[in-house]
Amino acid sequence: MTAEKFYVQNFGCRATQADGAAIESALRARGLTRADNRAAADVVVVNTCTVTASAEEDARQLIRRTHRENPAAQILVTGCYAQRAPGELAVLPGVSWVVGNSHQLQLPDLVPIGPAAREAVPFHGQILVGDILAHTAFLSAPLPDSGQHHTRPNLKIQEGCHNHCSFCVIPSVRGPSRSAPAERVLDEVRALAARYREVVLTGINLGRWGRDLPGRPRLAGLLRRLLAETDVARLRLSSVEPLDWTDELLEVVATSSRMARHIHAPLQSGSDRILRRMYRRYRARHYADRLRRARRSIPAAAIGADVLVGFPGETDADFEATLRLIEELPFTYLHVFTYSARPGTPAADWGEQVPAAVKKERNQLLREVAARKGAAFRQALVGQRLAVLTLQESHGASTVALSDNYVRVLVPGRVPANQFVEVEAARVEGDFLAGRL
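Summary of the structure given here.

### As for the overall build of the chain
A count of helical and extended segments in the chain gives 13 helices and 18 strands. Taking 2.2 N^0.38 as the reference for a compact globule, 437 residues should give roughly 22 Å; the C-alpha atoms of the chain span a radius of gyration of 22 Å, in line with that estimate. Projected onto its principal axes, the C-alpha positions of the chain cover 65 × 55 × 50 Å. Taking all 437 residues of the chain together, the buried fraction comes to 56%. Of the contacts made within the chain by residues no fewer than 6 positions apart, 73% connect residues no fewer than 24 positions apart. Only carbon and sulfur atoms are counted for the fraction: they give 51% of the accessible area of the chain, which is about 18,100 Å². Here the chain carries 56 positive and 46 negative side-chain charges, and the mean point of each set is 2 Å from the other.

Right, here's the structure in full:
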């Protein structure tokens, strides 16, 4: 089989999507072209996530569906699930290769191209996975032009994590923390700034950028260089651990009009007892201090968090502590997750598992609080002028745009993507602000 067309299907976080973009770039460099969909591809790369059991199930279902719809395609499975449990994926129908994160740089070379490959007997279920802790390569590329990322490319500048939280499998499938060199980041942002108005900087543990580089530079210093040495119109930070939101980093975000007013800091729990069991390195008072400083520094910022409910041993009192802290702090949105035991993590072997019905109820309660806080934040913006970035998305007769403080705004009419438009927030419409030009 000659593999002339490929399709990459990504699951999970921005970092996984950045890996998928790098794989796409490498496949293009080998002479392949991107298919419009999986059914039209000779090779389908499934880039997986392992953060939750449901993410793994989604990947398995997609692999089975791909093989049914396109039985002639070779399926190469990679990503975090492939690194964690390659044997579970290798036995699925249609899977030719399972390539862990440890060997993603070699994945494009496995794709058969040319007359000799046409005569070859396809392999089935071959596994290429190594020790991720010895992995030092940095795989990343800006996301391709598709969907809303046509206007907001994500650039991964940091990989891996040293934190080893008791519930998290990511350090064992991503490896140690490592950083893209500053000059490489500058070059990437310069290239993106020529085409896009906003660039999102992302990583597995973004706040640790630079700690492994000569001189141990910090993220705040990198941002100052990007603002001084590139023409990027707007920079946005993705998730940064709470203690990495230093006064210096907050100052950079607060004092530059080219930095998006957006703070995302994972909370996970508001109970100190649960935070200790999670092996988190802060307590509720430390987290609250950082967020209150952020609100004072950047009054109209979007402030969001990840929260995990149903962690083993989480009592009603622990959950009430989380709920109380969230009510007190100036959040504008939350990402609420239900605990899912991950094989190989310490918490997976602990007792005191929270009943599913209780976890579901706690999840719903936090979502209701988040919805109320989000609505109040949008209402407070009514009457203000906002510079919003148009997305490649519409809602009724309006174009969807995104403000720097992470509010989706409806711009009247059809406006091309990737443009800054100034609007006045006229009213709240559900999860949107309706803007007046």
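### Let's talk about the pairing of strand 1 (residues 5-10)
Sheet faces and side chains relate simply in a regular strand, where the side chains alternate between the two faces. As judged from the 2 bridges shared by strand 1 and strand 2 (residues 33-34), these two strands associate in the parallel manner. Paired with Phe6 across the strands is Arg34, a residue of strand 2. With respect to chirality, the unit in which strand 1 leads through helix 1 (residues 14-29) into the neighbouring parallel strand 2 is right-handed. Alignment of strand 1 against strand 3 (residues 43-48), held across 5 bridges, turns out to be parallel. Each bridged residue has a counterpart across the sheet, and for Phe6 the counterpart in strand 3 is Val43.

### Here's the deal with the pattern of salt bridges
Counted under the stated rule, the structure contains 38 salt bridges. Linking Asp19 and Lys156 is a salt bridge whose minimum nitrogen-to-oxygen distance equals 2.4 Å. Highlighted residues: Asp19 in helix 1 and Lys156 in strand 7 (residues 154-159), separated in sequence by 137 residues. When the shortest N-O distance is used, the salt bridge between Asp247 and Arg293 registers 3.3 Å. Here Arg293 lies in helix 11 (residues 284-297) and Asp247 lies in helix 9 (residues 247-255), a separation of 46 residues in the sequence.

### So, the nonpolar core
Judged by nonpolar contacts, the single largest core of 66 residues is most densely connected at Leu201, Leu237 and Phe331. Not counting residues within four places of it along the chain, the set of residues in contact with Leu201 comprises Leu155, Ile157, Val189, Leu206, Leu223, Leu226, Leu235, Arg236, Leu237 and Ser238. Membership of the second largest hydrophobic core comes to 22 residues, among which are Val44, Ala55, Ala82 and Val95.

### Overview of the sheet that holds strand 18 (residues 432-436)
If you trace the 5 strands once around the closed barrel, you get 14-15-16-18-17, paired in mixed fashion. This sheet shows a mean twist of 50 degrees between the axes of neighbouring strands, independent of strand direction.

### Quick look at the layout of surface pockets
Approximately 1,400 Å³ is the volume found for the largest pocket. Lining the largest pocket are 50 residues, with Cys13, Val51, Gln268, Asp306 and Phe337 positioned closest to its centre. Of all the secondary-structure elements, those providing two or more residues to the lining of the largest pocket are helix 1, helix 2 (53-69), helix 6 (170-174), strand 9 (198-203), strand 10 (234-237), strand 11 (262-264), strand 12 (302-309) and strand 13 (333-338). Among the residues forming the lining of the largest pocket, the class breakdown is 25 nonpolar, 18 polar and 7 charged. Lining the second largest pocket are 20 residues, with Tyr333, Arg378, Tyr406, Arg408 and Asp431 positioned closest to its centre. Sorting the residues of the lining of the second largest pocket by element identifies strand 13 and helix 13 (356-381) as the ones contributing at least two each.

### Section: the environment of Arg34
Secondary-structure assignment places Arg34 in strand 2. Separated by 262 residues in the primary sequence, Arg34 and Arg296 have C-alpha atoms spaced 47 Å apart. When sequence neighbours within four positions are dropped, the list of residues in contact with Arg34 reads Phe6, Tyr7, Glu24 and Arg28. Side-chain polar atoms of Arg34 contact the side chain of Glu24, separated by 3.4 Å.

### Topic: the packing of aromatic side chains
Note on aromatic pairs: each is described by the distance of the centres and the angle between the planes. Following the criterion strictly, the structure yields 7 aromatic pairs and no others. Note on Phe311 and Tyr339: the rings are 5.5 Å apart at their centroids and 75 degrees apart in plane angle, and the pair reads as edge-to-face. Of the two residues, Phe311 sits in the loop between strand 12 and helix 12 (316-328) while Tyr339 sits in the loop between strand 13 and helix 13, which places them 28 residues apart along the sequence.

### Focus: helix 13
Helix length check: helix 13 (26 residues) gives 38 Å between terminal C-alpha atoms against 38 Å at 1.5 Å per residue, within 8%. Looking only at helix 13, the buried set comprises Lys359, Arg362, Asn363, Leu366, Val369, Ala370, Lys373, Gly374, Phe377, Arg378 and Leu381. In the core, the buried residues of helix 13 are packed alongside strand 12, helix 12, strand 13, strand 17 (420-429) and strand 18. Phi turns positive one or two residues past the end of helix 13, at Gly383, with a value near 95 degrees.

### Comments concerning the sheet that holds strand 2
Strands in a sheet are paired, the pairing made by backbone hydrogen bonds, and the direction either parallel or antiparallel. Strand order across the open sheet formed by 6 strands is 2-1-3-4-5-6, with parallel pairing between neighbours. If you trace the sheet from one side to the other, it starts and ends with strand 2 and strand 6 (126-128), each paired once.

### What about the environment of Ala426?
Structurally, Ala426 can be placed in strand 17. As a C-alpha pair, Ala426 and Val358 span 68 residues in sequence and 40 Å in three-dimensional space.

### Some remarks on the packing of helix 7 (residues 182-193) against helix 8 (residues 219-229)
At their nearest, the axes of helix 7 and helix 8 sit 10 Å apart, and the two run at 40 degrees to each other. Here helix 8 runs oblique to helix 7, going by the angle between their axes. For helix 7 against helix 8, the interelement crossing comes out right-handed. Across the interface between the two elements, Ala182, Glu183, Val185, Leu186, Val189 and Arg190 from helix 7 touch Leu222, Arg225, Leu226 and Glu229 from helix 8. Considering only residue class, the contact of helix 7 with helix 8 consists of 6 nonpolar, no polar and 4 charged.

### Comments concerning the side chain of Ser179
Mapped onto the elements of the fold, Ser179 is located in strand 8 (residues 178-179). Residue Ser179 is classed as buried on the basis of its relative accessible area of 8%. There is a polar contact of 2.8 Å between the side chain of Ser179 and the backbone nitrogen of Gly210. A polar atom in the side chain of Ser179 sits 2.5 Å from the side chain of Asp212.

The rules we used
- Residues numbered from 1 in each chain as written.
- Predicted model: local features only at pLDDT ≥ 70, side-chain atom pairs only at ≥ 80, totals over all residues.
- Heavy atoms only, no water.
- Helix = DSSP H or I, 4+ residues; strand = E, 2+ residues; numbered from the N terminus.
- Rg over C-alpha atoms; globule rule 2.2 N^0.38 Å.
- Buried < 20%, exposed > 50% of the residue type's maximum accessible area, 1.4 Å probe, protein only.
- Contact = heavy atoms within 4.5 Å.
- Areas by Shrake-Rupley, 256 points an atom, 1.4 Å probe, with all protein chains shown as cover.
- Lys, Arg positive; Asp, Glu negative; His and termini not counted.
- Charge placed at Lys NZ, Arg CZ, Asp CG, Glu CD.
- Pairing = 2+ DSSP bridges.
- Right-handed = clockwise from strand over helix to strand, strands pointing away.
- Salt bridge = Lys/Arg side-chain N within 4 Å of Asp/Glu carboxyl O.
- Core = buried A, V, L, I, M, F, W, Y, C linked by side-chain atoms within 4.5 Å.
- Axes fitted to C-alpha atoms, helices over the stretch in contact; angles between N-to-C directions.
- 1 Å grid on protein atoms, 1.4 Å probe; cavity = no way out; pocket = protein on both sides within 12 Å on 5 of 7 lines; lining within 4 Å.
- Points joined across faces, edges and corners; volume = space filled by probe spheres on them.
- Nonpolar A, V, L, I, M, F, W, Y, C, P; charged D, E, K, R; others polar.
- Polar contact = N/O pair within 3.5 Å; in protein donor to acceptor, adjacent residues only side chain to side chain.
- Phe/Tyr/Trp six-rings, centres within 6.5 Å; stacked < 30°, edge-to-face > 60°.
- Expected span 1.5 Å × (residues − 1).
- Parallel < 35°, antiparallel > 145°, perpendicular 65-115°, else oblique.
- Left-handed = near helix turned anticlockwise from the far one by under 90°.

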